[in-house]
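The primary structure of each chain is shown beneath.
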Amino acid sequence: MIESEVRSYCRSWPVTFDRATGSRIFDENGQGYLDFFAGAGALNYGHNNPILKQAVIDYIQRDGVTHSLDMQTVAKRDFLETFVDTVLAPRELDYKVMFPGPAGANAVEAALKLARKVTGRESIINFTNAFHGMTLGALSVTGNSLKRGGAGVPLVHATPMPFDNYLDGLTPDFMLFERLLKDSGSGLNEPAAVIVETVQGEGGINVASVEWLRSLSELCRRQGILLIVDDVQMGCGRTGPFFSFEAAGIKPDIVCLSKSIGGYGLPLGLTLLRPELDVWEPGEHNGTFRGINPAFVASTEALKTYWSDDTLEKSTLAKGEQVGRALTDLALAYPEVALKAKGRGLARGLQFTDGDIAGKVCRAAFDRGLLMETSGPDGEVAKITPPLTVTDAELEEGLAIVDDAVAATLGGPR
């Protein structure tokens, strides 16, 4: 096998995929699978979405610029104008848009770097079970010990704090954080920023309550700490609204986007920042692949098609409730196993007592024609993240497979 041992997803799904459309992906023998993985959140509009595909084909056919670094192009201009008109302006969000590179980790690295430059401080506050990427800066604010261990060097200048519901449920939120901030003997360096996911996808579909997020935002404001929301996986409508933090009514200082902002599964990353934070010198942060124009084209078409009104948002919320009810029913059907339904919007999960059981459920689902992955520190959560464009019939079909996979693994309800 010429490919590195680092490969992972192909171990869970040991077939060779060949084509895909909508919510289905097919192997080279024509066997179809419902996709409740959706590129780890990069395919919110499904595989080969025909509207987005046509826009990209037309652009390529007319010899539109493909690679442009940060040069001005028609495709980039169209994207920026559409992003402002359909996303920022309707939400009264005043952000500058930075293209830091093609991946979520690029967006996070730029956010951390900028926060330190603006404040003159080094320390970043992150949260337990967070995941922000695999590059060194992003790893320093990631919780997973396996991923952190791959860094090969000490990961410094970051301090983890308890995420919502991490403790006993009785300890007041942010009591430890506030105490450390106020105590001159705590040893906590004055933070430049706090970075947070409103729903921790890789961390186990852990949902921060709107009250917790509001309290965090207010704490940052009082203490002069920048608030960074990593919306790489949960943005672009995954939780319902375009941004996952909208339900809390907060306005972060910096927002990280990638994955489905590229529309078609094409690489694109954005770091959004309040205008007064835009203290970069020209070229101070750059990279070769900041201007992938087919991604601009696909993203522009996705924004016009799906975010000019609230149809997709309402659909996602309704489908999310449907998945939530199905998972809750599953949990109630196996009281002796202590299952837990988790999530918001179409970011859902069923938590098992350990990763071995969750892994068996996902394998059983695959054998029945459904792609799911596990998440959580021990892989104990079976994660459900279908395309937002999944049909009602496909959703029912997939949930029936999940039900059957759980029954096959646990032996059926008693």
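A brief structural summary. Every chain's residues receive numbers from 1 upward, in the order its sequence appears when written. The predicted origin of the model limits local features to residues at a pLDDT of at least 70 and limits the giving and counting of side-chain atom pairs to 80 or more, whereas totals for whole chains, interfaces and linings rest on all residues. Only hydrogens and water are removed before side-chain values are computed, so all heavy atoms of the structure are retained for them.

Take the sheet that holds strand E6 (residues 158-161) next. Taken in spatial order, the seven strands make up an open sheet running E4-E12-E11-E10-E7-E5-E6, and their pairing is mixed. Of all the strands in the sheet, just strand E4 (96-98) and E6 have a single pairing partner and so form its edges. With strand direction ignored, the average angle separating the axes of adjacent strands in the sheet is 25°. Bridge count between strand E5 (residues 123-127) and E6: four bridges; the pairing is parallel. In the strand pairing of E6, Phe 127 is matched with Met 161. Every residue pair with non-hydrogen atoms within 4.5 Å of one another is taken to be in contact. Axis lines are fitted to C-alpha atoms, over the contacting stretch for helices. Their N-to-C directions set the angle, which ranges from 0 to 180 degrees. Elements are defined by DSSP. Helices are runs of H or I of four residues or more, strands are runs of E of two residues or more, and each kind is numbered from the N terminus. Packing of helix H4 (residues 74-88) onto the sheet brings it into contact with E4, strand E11 (254-257) and strand E12 (270-273), and relative to E12 it is tilted by some 50°. Along the sheet face, helix H9 (residues 210-223) touches E5, strand E7 (191-196) and strand E10 (226-230) and points at about 165° away from the line of E7. Paired strands, in this sense, are two strands between which DSSP finds at least two bridges.

Moving on to the nonpolar core. Counting 86 residues, the largest nonpolar core has Phe 83, Phe 242, Phe 243 and Phe 352 as the members making the most contacts within it. Residues contacting Phe 242, with those up to four places away along its chain left out, are Phe 83, Val 87, Arg 91, Gly 235, Cys 236, Gly 237, Leu 257, Ile 261, Leu 303 and Trp 307. By size, the runner-up hydrophobic cluster in this structure holds 22 residues, among which are Leu 114, Ile 124, Ala 193 and Ile 195. Here, the term nonpolar core denotes a set of buried Ala, Val, Leu, Ile, Met, Phe, Trp, Tyr and Cys residues that are joined through side-chain atoms within 4.5 Å. Remark: exposure states derive from per-residue accessible area (1.4 Å probe, protein chains only) relative to the maximum for the residue type, with buried under 20%, exposed over 50%, and partly exposed in between.

Within this document, salt bridges are pairs made up of a side-chain nitrogen of Lys or Arg and a carboxyl oxygen of Asp or Glu, the two lying within 4 Å of each other. Scanning the model with the defined rule gives 18 salt bridges in all. Here Asp 70 ties to Arg 290 by a salt bridge, and the two come within 3.2 Å at their closest N and O atoms. Here Asp 70 is found in the loop between helix H3 (50-61) and H4, whereas its partner Arg 290 is found in the loop between E12 and helix H10 (293-306), with 220 residues between them in sequence. Exposure remark for Arg 290: the relative accessible area of 10% places this residue in the buried category. The partner of Arg 121 in a salt bridge is Glu 190, with the nearest N and O atoms 3.5 Å apart.

Here the focus is the sheet that holds strand E13 (residues 340-344). Each strand in a sheet pairs with another by means of backbone hydrogen bonds, the pair being arranged parallel or else antiparallel. Spatially, the four strands line up as an open sheet ordered E13-E14-E17-E16, and their pairing is antiparallel. The open sheet has two edge strands, E13 and strand E16 (373-375), and neither has a second partner. The average undirected angle you get between the axes of adjacent strands in this sheet is 30°. Pairing analysis gives three bridges linking E16 to strand E17 (residues 381-384), with the strands arranged antiparallel. Bridge pairing links Ser 375 to Val 381 in E17.

In contact at an axis separation of 12 Å, helix H8 (residues 175-182) and H9 are set at 5° when each is read in the N-to-C sense. On the basis of their axis angle, the class for H8 and H9 is roughly parallel. Facing H8, whose interface residues are Phe 177, Glu 178 and Leu 181, H9 presents Leu 219, Arg 222 and Gln 223. Three classes are used, and their members are as follows: Ala, Val, Leu, Ile, Met, Phe, Trp, Tyr, Cys and Pro are nonpolar, Asp, Glu, Lys and Arg are charged, and the others, Gly among them, are polar. Classifying every residue of the contact of H8 with H9 gives three nonpolar, one polar and two charged. Every angle not falling under 35 degrees, over 145, or within 65 to 115 is termed oblique; those three ranges are roughly parallel, roughly antiparallel and roughly perpendicular.

Side-chain rings of Phe, Tyr and Trp, where Trp is taken by its six-membered ring, are said to pair if the distance between their centres is within 6.5 Å; with planes under 30 degrees apart they count as stacked, over 60 as edge-to-face, and otherwise as tilted. For the structure on display, the rule yields 18 aromatic pairs. Ring plane angle 15° and centroid distance 5.8 Å describe the contact between Tyr 9 and Trp 13, whose orientation is recorded as stacked. A centroid spacing of 6.1 Å and a plane angle of 55° characterise the contact between Phe 79 and Phe 99, whose relative ring orientation is tilted. In this pair, Phe 79 sits in helix H4 while Phe 99 sits in the loop between E4 and helix H5 (104-119), placing the two residues 20 residues apart along the sequence. This pair shows no difference in class: Phe 79 is buried, exactly as Phe 99 is. Ring pairing ties together the aromatic residues Phe 79, Phe 83, Phe 99, Phe 242, Phe 243, Phe 245, Phe 296 and Trp 307, which thus form one cluster. Over the ring of Phe 26 we find Arg 19, and its NZ or CZ is 4.1 Å from the ring centre. Both a distance and an angle decide whether a charge sits over a ring: NZ of Lys or CZ of Arg must be within 6 Å of the ring centre and within 35 degrees of the ring normal.

Turning our attention to H9. Every α-helix winds through 3.6 residues per turn, so residues three or four apart in the chain are directed the same way. With 14 residues, H9 extends 20 Å between its outermost C-alpha atoms, agreeing within 8% with the 20 Å of an ideal straight helix rising 1.5 Å per residue. The complete set of buried residues in H9 reads Val 210, Trp 212, Leu 213, Leu 216, Ser 217, Leu 219 and Cys 220. Packing partners of the buried residues in H9 comprise E5, H8, E7, E10 and E13. In the segment just after H9, Gly 224 is the residue with positive phi, at about 70°. One less than the number of residues in a helix, times 1.5 Å, gives the span that helix is expected to have.

A few words on the packing of H3 against H10. Between two packed helices, what matters for the description is the angle formed by their axes and the separation of those axes. Close contact between H3 and H10 brings their axes to 9 Å; oriented N to C, the two are set at 140°. In the crossing of H3 with H10, the sense of the turn from one axis to the other is right-handed. Between H3, through Ile 51, Leu 52, Ala 55, Val 56 and Tyr 59, and H10, the contact on the second element is made entirely by Asn 293, Pro 294, Val 297, Ala 298, Glu 301, Ala 302, Thr 305 and Tyr 306. Looking at the contact of H3 with H10, its residues break down into ten nonpolar, two polar and one charged. In a left-handed crossing the near helix is turned counterclockwise from the far helix by less than a right angle, and in a right-handed crossing that turn is clockwise.

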